[in-house]
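Fold and geometry: a report
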Amino acid sequence: LERRLRPVTAFLQEEIGGGTDNWSAWRKVLYRYPRVYSYSVENKLRPNSDFFLSDEVGLSRPELSQVVGRFPPNLWLDTADLRE
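It should be emphasised that the depicted structure is a prediction, and the values quoted were computed from it without experimental measurement.

Attention shifts here to the side chain of T9. Along the chain, T9 turns up in helix α1 (residues 5-16). Residue classification places T9 among the buried residues on the basis of a relative accessible area of 15%. Here the side chain of T9 touches L5 through a polar contact of 2.9 Å, landing on its backbone oxygen. Dropping the residues within four chain positions of it, T9 is found in contact with W23, L30 and Y37.

Here is the structure:
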């Protein structure tokens, strides 16, 4: 529980956006996509987040938060597929 759920939840709240003030929106995402907890923050979620924030895509953090809020699988899809 401590090793998987808290780091993913903290990553979504703090690094993707919204913080604890936007918890109700993230709660909906987590209920619809519990699969997000099966991914490593360091090996999958953060690299995908960095991809969207990179110059290649160029999203800002608020834009990334909106993209992930609308379609959370963007965080765990393969970046090679996202480039196409």
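We are not done yet, so read on.
Once that is clear, we can look at the packing of α1 against helix α3 (residues 41-53). Where α1 meets α3, the closest approach of the two axes is 11 Å, and the angle between their N-to-C directions is 15 degrees. Here α3 runs roughly parallel to α1, going by the angle between their axes. The way α1 lies across α3 gives a crossing that is right-handed. From α1, P7, V8, F11, E15 and I16 reach across to α3, where they touch V41, L45, R46 and S49. Of the residues contributing to the contact of α1 with α3, the split by class is six nonpolar, one polar and two charged.

Among the nonpolar cores identified, the biggest contains 18 residues, and V8, L12, I16, V36, L45 and L75 are the most heavily contacted of them. Residue assignment for this core shows that the elements contributing at least two residues are α1, α2 (23-32), α3 and α4 (61-70). Leaving out residues up to four positions away in the same chain, V36 has contacts with V8, L30, L45 and W76.

In this section: α1. If you check α1, its first and last C-alpha atoms are 16 Å apart, about what 12 residues at 1.5 Å a residue would give, namely 16 Å. For α1, the set of buried residues is V8, T9, F11, L12, Q13 and I16. For α1, the secondary structure elements touched by its buried residues are α2, α3 and α4. Remark: G17 follows α1 within two positions and exhibits a positive phi of approximately 135 degrees.

Conventions and cut-offs
Residues numbered from 1 in each chain as written. Predicted model: local features only at pLDDT ≥ 70, side-chain atom pairs only at ≥ 80, totals over all residues. Heavy atoms only, no water. Helix = DSSP H or I, 4+ residues; strand = E, 2+ residues; numbered from the N terminus. Buried < 20%, exposed > 50% of the residue type's maximum accessible area, 1.4 Å probe, protein only. Polar contact = N/O pair within 3.5 Å; in protein donor to acceptor, adjacent residues only side chain to side chain. Contact = heavy atoms within 4.5 Å. Axes fitted to C-alpha atoms, helices over the stretch in contact; angles between N-to-C directions. Parallel < 35°, antiparallel > 145°, perpendicular 65-115°, else oblique. Left-handed = near helix turned anticlockwise from the far one by under 90°. Nonpolar A, V, L, I, M, F, W, Y, C, P; charged D, E, K, R; others polar. Core = buried A, V, L, I, M, F, W, Y, C linked by side-chain atoms within 4.5 Å. Expected span 1.5 Å × (residues − 1).

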